[in-house]
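# Notes for the structure review
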Amino acid sequence: MFGNILKKLKKKEIPETAKIDQYEDLFQKAQDFTVKNQFNLDSQTQSTCEGSVSQLISEISDILVNEIPKYQQQGFDPIVSFGGDCGNIHFAIINFIKQHYPNICANITVGGVLISNQPDFKFDQSKCIEWLQNGSPQVLDCHTWITINNNYILDCTIGTYINTRVDDNHAQNRKNNVYGGLIFGSEDELEHVAFKGLGAKTPQDYLNMKYSPVILGIEAFTALAPRQP
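Attention in this report is confined to the structure presented alongside it. (Residues numbered from 1 in each chain as written. Predicted model: local features only at pLDDT ≥ 70, side-chain atom pairs only at ≥ 80, totals over all residues. Heavy atoms only, no water.)

### What to know about unusual backbone geometry
Despite not being glycine, glutamine 38 has its phi angle at roughly 65 degrees, a positive value. With respect to the element layout, glutamine 38 can be found in the loop between helix H2 (22-36) and helix H3 (53-73). Owing to a relative accessible area of 73%, glutamine 38 belongs among the exposed residues under this scheme. One non-glycine residue, asparagine 177, lies in the positive phi region at around 55 degrees. (Helix = DSSP H or I, 4+ residues; strand = E, 2+ residues; numbered from the N terminus. Buried < 20%, exposed > 50% of the residue type's maximum accessible area, 1.4 Å probe, protein only.)

### Some words on H3
Over its 21 residues, H3 extends 31 Å from the first C-alpha to the last, a length consistent with the 30 Å expected when each residue adds 1.5 Å. The set of residues buried in H3 consists of Val53, Ser54, Leu56, Ile57, Ser58, Ile60, Ser61, Leu64, Ile68 and Tyr71. Note on H3: the residue one or two positions beyond its end, glycine 75, has a positive phi of about 85 degrees. (Expected span 1.5 Å × (residues − 1).)

### A closer look at the layout of surface pockets
Gaps left between atoms are located by rolling a probe of water-molecule size over the structure's atoms. Roughly 500 Å³ of volume is contained in the largest pocket. As for the largest pocket, its lining consists of 24 residues, and the residues nearest its centre are Gly84, Asp85, Cys86, Gly87 and Leu140. Counting residues per element, the ones that place at least two in the lining of the largest pocket are helix H4 (78-83), helix H5 (86-100), strand S3 (143-148) and helix H7 (158-166). Of the residues in the lining of the largest pocket, the class split is 12 nonpolar, 10 polar and 2 charged. (1 Å grid on protein atoms, 1.4 Å probe; cavity = no way out; pocket = protein on both sides within 12 Å on 5 of 7 lines; lining within 4 Å. Points joined across faces, edges and corners; volume = space filled by probe spheres on them. Nonpolar A, V, L, I, M, F, W, Y, C, P; charged D, E, K, R; others polar.)

### Points about the side chain of asparagine 151
Within the secondary structure, asparagine 151 sits in the loop between S3 and strand S4 (152-155). Within the structure, the side chain of asparagine 151 is placed 3.2 Å from the side chain of glutamate 24, a separation counted as a polar contact. (Polar contact = N/O pair within 3.5 Å; in protein donor to acceptor, adjacent residues only side chain to side chain.)

### Thoughts on the packing of aromatic side chains
Inspection of the entire model under this criterion finds 8 aromatic pairs. On the numbers, 5.9 Å between centres and 70 degrees between planes, the contact of phenylalanine 82 with tyrosine 179 is edge-to-face. Of this pair, phenylalanine 82 sits in helix H4 while tyrosine 179 sits in the loop between helix H8 (170-176) and strand S5 (182-185), and the two are 97 residues apart along the sequence. Classification of phenylalanine 82 as buried rests on a relative accessible area of 0%. The class of tyrosine 179 is buried, set by a relative accessible area of 5%. (Phe/Tyr/Trp six-rings, centres within 6.5 Å; stacked < 30°, edge-to-face > 60°.)

### Description of the pairing of S5
Where burial is concerned, the two faces of S5 agree: the one with Leu182 and Phe184 and the one with Ile183 and Gly185 are both buried. As paired elements, S4 and S5 share 3 bridges and run antiparallel to each other. By the bridge assignment, isoleucine 153 is partnered in S5 with glycine 185. Note that S5 and strand S6 (residues 191-193) share 3 bridges and pair antiparallel. Directly across from leucine 182, in S6, lies its bridge partner valine 193. Connecting S5 to the next strand, S6, in antiparallel fashion are 5 residues. (Pairing = 2+ DSSP bridges.)

### Some remarks on empty space enclosed by the protein
Scanning the model with the defined rule gives 1 cavity of 30 Å³ or more in all. Approximately 30 Å³ is the volume attributed to the largest cavity. As for the largest cavity, its lining consists of Val110, Trp131, Leu140, Cys142, Thr144, Phe221 and Leu224.

### Structural notes on the pattern of salt bridges
Under the counting rule described, the total for this entry stands at 4 salt bridges. With a shortest N-O distance of 3.5 Å, aspartate 141 and lysine 127 are connected by a salt bridge. Highlighted residues: aspartate 141 in the loop between helix H6 (125-134) and S3 and lysine 127 in helix H6, separated in sequence by 14 residues. Residue classification places aspartate 141 among the partly exposed residues on the basis of a relative accessible area of 36%. (Salt bridge = Lys/Arg side-chain N within 4 Å of Asp/Glu carboxyl O.)

### Comments concerning the pairing of strand S7 (residues 210-216)
As a general feature of sheets, a regular strand has side chains that alternate between the two faces. Judged by how many residues are buried, S7 sits mostly within the fold: 5 of 7 residues are covered. Taken together, the 6 bridges between strand S1 (residues 106-115) and S7 define a ladder with antiparallel strand orientation. Bridge pairing in S7 places leucine 114 opposite lysine 210.

These results come straight from atomic positions and should not be treated as a statement about function.
See below:
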């Protein structure tokens, strides 16, 4: 099944040109805000950047499956911890991309996301400035994902978050370890693929999610990380 999806992806690489939509407008504002606050981007953000995104998606699945046992070793419920660990997961993914896929233009992205018309992670420039100046809370009330080019979303954790927190059957989903897989694509054409070898359930309403990028890059993400008391 996964192989069939990858065949589909190979025919559907990121287009060299893309229409301007709301996400791209917000992403441009996030880029300007990042530069204004004197942080470097991880990569250029043009929509013409090329790279084998389908191969990257396949490899990410392997990587994340190998990461799951680490949560159990630390004494946590792996599926719940994974779904809430967007920062660490995407920090690892952006570094993997930079090392192994240097031709893919990608930026770790910090912002907000609207799930099922509910602002589960509401984050804006004002809150970002407050955190940069005064320190972030220990539990970050925001979301983190990867933006490839300036319009292509790669989100490794939101599907599992939905399955274990938002879904009406979230308790049963946790019990059955039904991860949410990988969400990817432009905001108006999001797609879903399960992680290899893990129980999976397509996240409810994922096609209606709305992302709001606020600030970009590893430097900004690191600056927003909770400070030690």
